[in-house]
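So you can see what is in the structure, the chains are spelled out below.
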Amino acid sequence: MEKPAMKLIDLKKTIGKNEIIKGLNFEIKSGEVFGFIGPNGAGKTTTIRMMVGLIKMSGGDVQILGKSIKNDYKEAIKEVGAIVENPEMYPFMTGMQNLIHFARMLPNVSKERIQEVISLVGLEKAIKEKVGKYSLGMRQRLGIAQALLHNPSVLILDEPTNGLDPAGIGEIRYYIRRLAEEQNVAVIISSHLLSEIELMCDRIGIIKNGELITIQNVHDAADTEQDSHQIQMEVTPAEKAMELLSTEYEIEAVLKSDLISFQSQREEIPNIIQTFVRNDISIYQVEVSRATLEEKFFDLIGENVIE
């Protein structure tokens, strides 16, 4: 059986008497993009720093392809590439010079590998230009190329789209998906842009107060029946409809500009419509949209502050 690319085993961090990270357990597979999200101060950055050995864990372990960060750091970290926030580059050097300079610090990085990572992040045309002329998105892609030079199995990106315009975000999303699918790299992304996480990731883990509260498949079609949907209906009389929703289904609806808006599971929609018709409520329009990751996130964490 294939080893997970990364495995967190009862990972803990205690500072003084405060337990910051409270026993995290989850696995990340090769070739998947895993989103790691949580509210301010939830412990995302602390967890990422423990994943790469930048801070000491108080308990548990992180394994990379079965190699322990705690007991076999040198071997385990060889499998990891990481960017935390904006990658630092020499602006007076070209992209190629930056990569060659960085490659000298790593064992066995061939010229062919340098060309391969340049191609992977789509920088063939700009690689001979000075980095000072690069857009933020191009610098971020060069940073990803740098993190990939030693052919890691796991790529950790902390806020990879921070400060990028929509075009830059789209580019990064495309190359991250390509990496996972073509190179079988496990990509772990910490981000506060939930709409981007939804587009980019296969699964998400949500952390709150140092605890993992859920791991969800982002695009699991099998979940659609059980998922909460946002429903808007144009009905008359609206007040009577809202009262029926409350008494019959224990659903609290909101009235905004002639539309009642509420959340419900998909299979309940026909029943609600039948109830309205039986009670002489006229229905002019029904609009159903699946609850976004953002709405689910706020439901789960019970607050609306995200890092």
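In the block above lies the structure referred to throughout.
If you're wondering where the values come from, they're calculated on a predicted model, not measured in any experiment.

### Considerations on the sheet that holds strand β3 (residues 33-37)
Within the open sheet, the 6 strands sit side by side as β6-β7-β8-β3-β9-β10. Their pairing is mixed. Edge strands, defined here as strands with exactly one partner in the open sheet, are β6 (80-84) and β10 (211-217). Neighbour to neighbour, the strand axes of the sheet diverge by 15° on average, direction disregarded. The pairing of β3 with strand β9 (residues 203-208) spans 4 bridges and is parallel. Looking at β9, one finds that Phe 36 is bridged to Gly 205.

### Structural notes on the packing of aromatic side chains
This model, assessed by the stated rule, comprises 4 aromatic pairs. Centre to centre, the rings of Phe 26 and Phe 36 are 5.9 Å apart; their planes meet at 40°, and the pair counts as tilted. With Phe 26 in strand β2 (residues 18-28) and Phe 36 in strand β3, the pair connects residues that are 10 residues apart, well separated along the chain. The class for Phe 26 is buried, based on a relative accessible area of 4%. Residue Phe 36 is classed as buried on the basis of its relative accessible area of 0%. For the pair Tyr 90 and Phe 92, a centre-to-centre distance of 5.7 Å together with 55° between the ring planes defines the contact as tilted.

### Focus: the nonpolar core
With 43 residues, the main nonpolar core has Leu 99, Ile 144, Leu 155 and Val 187 as its most contacted residues. Those residues within four positions of Val 187 in sequence are excluded, and the remaining contacts are Glu 32, Val 33, Phe 34, Leu 155, Leu 157, Ile 176 and Ala 180. Of all hydrophobic cores here, the second largest spans 26 residues; its members include Met 51, Met 57, Ile 64 and Ile 207.

Scoring rules and cut-offs
- Residues numbered from 1 in each chain as written.
- Predicted model: local features only at pLDDT ≥ 70, side-chain atom pairs only at ≥ 80, totals over all residues.
- Heavy atoms only, no water.
- Pairing = 2+ DSSP bridges.
- Helix = DSSP H or I, 4+ residues; strand = E, 2+ residues; numbered from the N terminus.
- Axes fitted to C-alpha atoms, helices over the stretch in contact; angles between N-to-C directions.
- Phe/Tyr/Trp six-rings, centres within 6.5 Å; stacked < 30°, edge-to-face > 60°.
- Buried < 20%, exposed > 50% of the residue type's maximum accessible area, 1.4 Å probe, protein only.
- Core = buried A, V, L, I, M, F, W, Y, C linked by side-chain atoms within 4.5 Å.
- Contact = heavy atoms within 4.5 Å.

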